[in-house]
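The residues making up each chain are set out below.
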Amino acid sequence: MARGTLRIYLGAAPGVGKTYAMLSEAHRRAERGTDVVIGYVEHHRRPRTEVMMRGLEEIPRRECDYRGTAFTEMDLDAILRRAPEIALVDELAHTNVPGSRNAKRWQDVEELLTAGIDVVSNVNIQHLESLGDVVESITGVRQRETVPDEVVRRADQIELVDMSPQALRRRMAHGNIYAPDKVDAALSNYFRPGNLTALRELALLWTADRVDEYLQEYRAEHRISAAWQARERIVVGLTGGPEGRTLIRRAARMAAKGSGSEIMAVHIVRSDGPVSGSAKELAVQRTLVEDLGGSFHHVIGDDVPDALLDFARGTDATQIVLGSSRRKPWQYVFGPGVGSTVARESADIDVHIVTHEQVAKGRGLPSARGAKLGRSRVVAGWLTGVAGPLLLTLLLTQWHPGMGQATDMLVFLALTVAAALTGGLLPALVCAVGGSLLLNYYFTRPTHSFTIAQPENIIAIVIFVMVGIAVASVVDLAARRTQQAARLRAEAEILSHLAGSVLRGESSLDALLERVRETFTMDSVVLLERDDDNPASDAWTCAASVGAVPCVRPEDADVEVAVNDRLSLALLGRVLPAADRRVLSAFAAQAAVVLDRKRLADEAGRARELAEGNRIRTALLAAVSHDLRTPLAGIKASVSSLRSADVAWSPEDEAELLAGIEDGADRLDHLVGNLLDMSRLQTGTVNPLIRELDLDEVVPKALGGVPDDGVTLDIPESLPMVAVDPGLLERSVANVVENAVKYNPPGEPVLVAASALGDRVEVRVADRGPGVPEDAKEQIFEPFQRYGDAPRGTGVGLGLAVARGFAEAMGGTLVAEDTPGGGLTMVLTLRAAAGGEPARPGLPATATT
């Protein structure tokens with residue numbers, strides 16, 4: 001049976017119209033004769049949504065009983081029996097009532113898809129699991145109902161339902177999303193313009209990334225290498241000349257015209273040395289492009305235009321920015337130049353030639369083509385060395401006979417030097433030998449024979465051959481030394497950038513391997529590590545990799561560099577020449593350093609945690625030195641007095657001493673409890689046992705040590721249940737209330753009230769004390785902190801630290817706010833139990849359309 005298809009409507013926030021769009025699609029499908037049913041759609045009493053549900057078959061919901069309350073859920077079995085072509089399933093991230101077959105609704109959808117039923121569903125961007133922390137930092141609300149990103153990414157179709165924040169707020173104000181009594185709270189809380197704008201950007205960017213993944217997969221499947229202008233990617237070709245800054249700024253202005261554009265600056269380094277440019281200028285240009293939000297890349301390539309175009313096509317670039325040539329007009333006789341070649345061969349990539357102040361002023365450095373004996377130069381040298389003597393002999397015998405033997409030898413010597421300068425040693429040797437034979441046959445008496453009548457002519461011909469060979473050897477040696485120097489310069493430039501990355505603190509191993517892949521134009525690069533427990537084993541693990549399909553063993557690589565006995569750098573793509581391996585070895589050594597540095601940083605982090613734990617323990621000992629002695633001293637004095645036979649204590653005195661002993665014991669018990677709790681928090685040994693319960697089962701117990709008239713309790717019976725650890729919650733509330741009572745004016749009760757907001761339940765403890773300045777509200781939650789002039793006997797300053805630690809261990813928060821009219825309010829936020837009653841003030845965190 002073929003698997004069903006999944007279509008998801010993705011929105012930035014509740015109310016943008018996901019359910020409405022889903023129902024509209026269902027009506028379109030039904031009109032075409034498709035069998036469509038409503039598996040589960042929640043209309044939230046929105047009139048327009050209710051109207052759209054009419055005319056569509058709806059599968060009756062399954063009723064569930066949980067803790068004496070009736071709930072309704074999607075009837076998965078009924079849908080499977082009905083077996084429609086398409087099922088509409090609302091709220092993909094919804095958590096099912098405990099006792100259901102699956103914990104999450106997306107798991108129900110997976111069963112429908114497996115049964116061959118197509119599903120149309122929806123989800124808000126804040127419910128994606130990977131974005132939980134981001135959404136919480138934006139809205140202050142932690143999403144409890146989430147769906148794994150991979151479930152959404154696997155959808156066959158993802159359609160974004162978009163709406164501007166202003167339009168969504170107008171829809172909210174008109175009562176089209178929530179009931180009128182919930183509008184004000186929602187607009188001032190979750191539906192603030194800033195929140196909605198940030199969520200909208202998240203939805204747009206996530207969808208854009210998914211579209212880009214679809215595009216790359218399609219191009220890979222169909223082996224499409226041509227650039228598709230789906231997103232502007234601008235490649236800037238840099239030579240290291242002063243015009244580079246102009247090109248980078250021009251590319252930045254082009255990128256600013258379209259959102260999401262990327263700038264990639266590229267410097268091509270030939271394997272025999274750079275074309276031209278200054279390392280200092282390149283460093284300045286690198287800083288400039290990174291400041292403008294772009295990236296800088298080094299690529300090795302013998303043919304600059306081909307290397308530049310290969311890089312552009314490999315990154316799916318849409319535009320290339322190059323500067324007008326700095327060559328002088330006469331230099332164009334040697335070729336059309338890089339800009340003209342790139343423009344001619346770029347195909348569907350736009351090429352922009354930008355003018356600048358350095359046009360036609362010369363490169364300032366000699367071309368790399370003059371620093372080595374290239375193929376064209378060698379061919380020219382052989383033509384000069386082989387054909388040159390024949391043509392010169394024809395010229396001298398036919399048009400200029402009788403010039404004299406000395407002149408003839410000088411002319412042939414000049415031709416030999418020209419062959420040496422052009423083609424090197426071997427063409428010059430051929431020219432010298434051939435020229436000497438021709439001189440002997442045509443210009444040395446007796447002519448037209450290889451005999452020499454005068455001995456001095458033999459010496460002259462020998463000297464001619466020796467001078468030709470000497471000149472050719474010098475020219476060849478100079479060319480080779482120039483080539484070696486250029487090669488070393490190229491290596492030095494790459495290594496200087498590698499050293500610069502170390503000085504800049506670039507410690508990302510993936511970034512370093514990506515630089516290796518780009519520099520040597522490889523398909524993939526992987527750093528393999530042998531098992532430390534068995535160095536002789538052939539088992540390798542991947543420490544880091546970049547590129548597609550990295551190799552898993554060093555012997556499978558095209559290029560492999562052993563870093564040490566346990567690390568190996570393996571590259572796939574092409575075989576590198578031996579000269580390139582020197583630079584690659586430096587990269588490999590740096591990769592090992594970065595890996596070790598990362599592990600040392602991890603160990604340093606763990607060491608800091610241990611040091612922090614030791615600091616806490618030291619502080620604990622220092623803090624309790626007085627606070628333990630004070631109640632102990634009081635208890636000791638009271639007990640000694642009671643046991644003394646010299647004094648006859650009255651019943652009232654005995655009762656007072658016993659009360660002092662009891663009070664000291666209580667203080668000791670509270671102090672030791674807080675110390676133990678703080679120690680557990682610092683060592684990470686707090687493991688909450690979460691269960692669902694009502695607040696009125698725990699909060700009254702936490703007030704046991706507070707006078708009856710010291711607290712006013714307000715916990716509505718209609719509050720949803722909370723998911724907490726009862727013991728931790730009791731200690732948290734007790735510490736917070738104790739702190740409030742301590743600073744509250746005498747005779748003024750502390751207010752402990754609870755309320756619900758979305759999937760949260762808040763416990764607010766408000767006092768009328770002196771309050772806390774805004775800049776000290778976080779400081780009071782640090783261990784061993786007492787605010788103001790609190791006496792030492794009131795504790796070691798751990799109560800609020802322990803309360804916050806326990807709250808966070810249960811997935812909640814504890815923050816301080818100002819009490820209206822003066823004082824401090826502690827807000828303890830807890831998670832509402834899954835499947836509990838909906839919160840009355842509004843559901844901005846969980847409601848969907």
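Cut-off values and rules
Residues numbered from 1 in each chain as written. Predicted model: local features only at pLDDT ≥ 70, side-chain atom pairs only at ≥ 80, totals over all residues. Heavy atoms only, no water. Helix = DSSP H or I, 4+ residues; strand = E, 2+ residues; numbered from the N terminus. Buried < 20%, exposed > 50% of the residue type's maximum accessible area, 1.4 Å probe, protein only. Contact = heavy atoms within 4.5 Å. Areas by Shrake-Rupley, 256 points an atom, 1.4 Å probe, with all protein chains shown as cover. Phe/Tyr/Trp six-rings, centres within 6.5 Å; stacked < 30°, edge-to-face > 60°. Lys NZ or Arg CZ within 6 Å of the ring centre and 35° of its normal. Axes fitted to C-alpha atoms, helices over the stretch in contact; angles between N-to-C directions. Left-handed = near helix turned anticlockwise from the far one by under 90°. Nonpolar A, V, L, I, M, F, W, Y, C, P; charged D, E, K, R; others polar. Pairing = 2+ DSSP bridges. Salt bridge = Lys/Arg side-chain N within 4 Å of Asp/Glu carboxyl O. Core = buried A, V, L, I, M, F, W, Y, C linked by side-chain atoms within 4.5 Å. Patch = residues over 30% accessible without salt bridge, like charges linked within 9 Å, V, L, I, M, F, W, Y side chains within 5 Å. Lys, Arg positive; Asp, Glu negative; His and termini not counted. Charge placed at Lys NZ, Arg CZ, Asp CG, Glu CD. Expected span 1.5 Å × (residues − 1). Arc of directions from axis to C-beta. Disulfide = S-S within 2.5 Å. pLDDT = per-residue confidence, 0-100.

Turning to the overall build of the chain, a few remarks are in order. The number of helices and strands found in the chain is 24 helices and 25 strands. Within the chain, the proportion of its 849 residues that are buried is 46%. For the chain, contacts bridging at least 24 residues in sequence account for 72% of all contacts bridging at least 6. As displayed, the chain has an accessible area near 41800 Å², and 55% of this comes from carbon and sulfur atoms.

Moving on, we get to the packing of aromatic side chains. In this structure the tally under the stated criterion is zero aromatic pairs. Positioned over the ring face of Tyr40 is Arg105, at 3.9 Å from the centre of the ring. Above the face of the Phe781 ring, Arg804 is positioned so that its terminal group lies 3.9 Å from the ring centre.

Right, let's get into the packing of helix 23 (residues 726-743) against helix 24 (residues 799-809). Contact geometry of helix 23 with helix 24 gives a least axis separation of 8 Å together with a crossing angle of 145°. The handedness of the crossing between helix 23 and helix 24 is left-handed. Side by side, helix 23 and helix 24 meet where Leu728, Arg731, Ser732, Asn735, Val736 and Asn739 of the first sit next to Gly799, Leu800, Val802, Ala803, Phe806 and Ala807 of the second. The residue inventory of the contact of helix 23 with helix 24, partitioned by class, reads seven nonpolar, four polar and one charged.

On the basis of which strands lie adjacent, the open sheet formed by six strands has the order 3-2-6-7-1-8 and parallel pairing. The open sheet is flanked by strand 3 (57-58) and strand 8 (157-161), the only strands paired with a single partner. Pairing of strand 1 (residues 6-11) with strand 7 (residues 118-124) involves six bridges; the strand directions are parallel. Across the sheet, the residue bridging to Tyr9 is Asn122, located in strand 7. Helix-sheet contacts for helix 1 (residues 18-31) involve strand 1, strand 2 (36-40), strand 6 (86-89), strand 7 and strand 8, and the interaxial angle to strand 1 is about 145°.

What follows deals with the sheet that holds strand 16 (residues 540-547). Taken together, four strands build an open sheet; the order of strands is 16-15-18-17 and the sheet is antiparallel. Where the open sheet ends on each side, the last strands, each with one partner, are strand 16 and strand 17 (559-562). The mean angle between the axes of side-by-side strands here comes to 20°, regardless of whether they run parallel or antiparallel. Here four bridges tie strand 17 to strand 18 (residues 567-572), and the two strands are oriented antiparallel to one another. From the neighbouring strand, Ala562 faces strand 18, where its bridge partner is Ser568. Contacts from helix 18 (residues 509-519) reach strand 15 (524-530), strand 16 and strand 18 within the one sheet, and its direction differs from that of strand 16 by about 60°.

Per the counting criterion, the structure on display carries 24 salt bridges. The partner of Asp556 in a salt bridge is Arg553, with the nearest N and O atoms 3.1 Å apart. Look at Asp556 and you get partly exposed, because its relative accessible area is 35%. Here Lys598 makes a salt bridge to Asp602, at a shortest N to O gap of 3.7 Å. Of this pair, Lys598 and Asp602 both sit in helix 19 (residues 580-627), four residues apart, which is roughly one turn of the helix. The structure contains a network of salt bridges with shared partners spanning Arg7, Glu25, Arg28, Arg29 and Glu159.

Quick look at the nonpolar core now. Buried together is how nonpolar side chains tend to be arranged in soluble globular proteins. In this structure, Leu23, Leu88, Ile125, Val147, Leu168 and Trp206 are the most contacted members of the largest nonpolar core, which totals 60 residues. The leading source of residues in this core is helix 9 (residues 193-221), at five residues. With residues near it in sequence (within four places) discarded, Trp206 still touches Leu10, Ile125, Leu128, Leu131, Asp149, Val152, Arg153 and Ile158. Leu703, Val752, Ala816 and Leu824 belong to the second-largest nonpolar core, a separate cluster that totals 42 residues.

On the surface, Arg249, Arg250, Arg253 and Lys257 cluster together into a positively charged patch. Mapping Arg250 onto the fold places it in helix 10 (residues 244-256). Note on Arg250: relative accessible area 30%, which makes it partly exposed.

For helix 10, which comprises 13 residues, the first-to-last C-alpha distance of 18 Å matches the rise-based estimate of 18 Å (1.5 Å per residue) to within 8%. Every buried residue belonging to helix 10 is among Gly244, Leu247, Ile248, Ala251, Ala252, Met254 and Ala255, and all of these are buried. On an axial view of helix 10, the arc spanned by its buried residues comes to 160°, and they lie on one face.

Now for the state of the cysteines. According to the stated counting rule, one finds zero disulfides in the structure shown. We note that Cys542 lacks a disulfide partner, and the nearest cysteine sulfur, in Cys551, lies 9.1 Å from it.

Let us look at helix 5 (residues 132-139). Among all positions of helix 5, only Gly132, Val135 and Thr139 are buried. Seen from one end, helix 5 has its buried residues packed into an arc of 65°, which puts them on one side. Of the exposed residues in helix 5, the ones pointing more than 90 degrees away from its buried face are Asp133 and Ser137. The first or second residue beyond helix 5 is Gly140, which carries a positive phi of 80°.

Further remarks concern the confidence of the model for the chain. Taken residue by residue, the chain gives an average pLDDT of 77. The fraction at 70 or more is 76%. Mean pLDDT across the secondary structure elements of the chain bottoms out at strand 11 (residues 273-274), with 46, and peaks at strand 6, with 94. With pLDDT under 50 throughout, residues 837-849 is counted as low confidence; its partners more than four residues away or in other chains account for 49 contacts.

The buried fraction of strand 2 amounts to five of the five residues, a majority that puts the element mostly inside the structure. As judged from the four bridges shared by strand 2 and strand 6, these two strands associate in the parallel manner. Paired with Ile38 across the bridge in strand 6 is Leu88. Summarising the sheet, strand 2 and strand 3 pair through two bridges and their orientation is parallel.

With that out of the way, let us pick up a negative patch on the surface. Among the surface-exposed residues, Asp302, Asp303, Asp306 and Asp310 lie close enough to one another that they form a single negatively charged patch. Tracing the chain through its elements places Asp306 in helix 12 (residues 304-314). Classification of Asp306 as partly exposed rests on a relative accessible area of 36%.

Attention shifts here to the pairing of strand 17. The alternating pattern of strand 17 places Val559 and Val561 on a buried face and Glu560 and Ala562 on a face that is not buried. In sequence, strand 17 turns back onto strand 18 through a hairpin of four residues.

The next thing to look at is the side chain of Ser524. One can find Ser524 in strand 15. When near neighbours in sequence (up to four residues on either side) are disregarded, Ser524 contacts Arg517, Val546, Gly547, Ala548, Val549, Pro550, Ala570, Leu571 and Leu572.

Right, let's talk about unusual backbone geometry for a bit. In most cases, non-glycine residues show a negative phi, while peptide bonds are predominantly trans. Positive phi values are uncommon outside glycine, yet Ala83 reaches one of about 50°. Mapped onto the fold, Ala83 is located in the loop between helix 3 (76-82) and strand 6. A relative accessible area of 47% places Ala83 in the partly exposed class. One non-glycine residue, Glu91, lies in positive phi territory at about 55°. Within the secondary structure layout, Glu91 lies in the loop between strand 6 and helix 4 (105-114).

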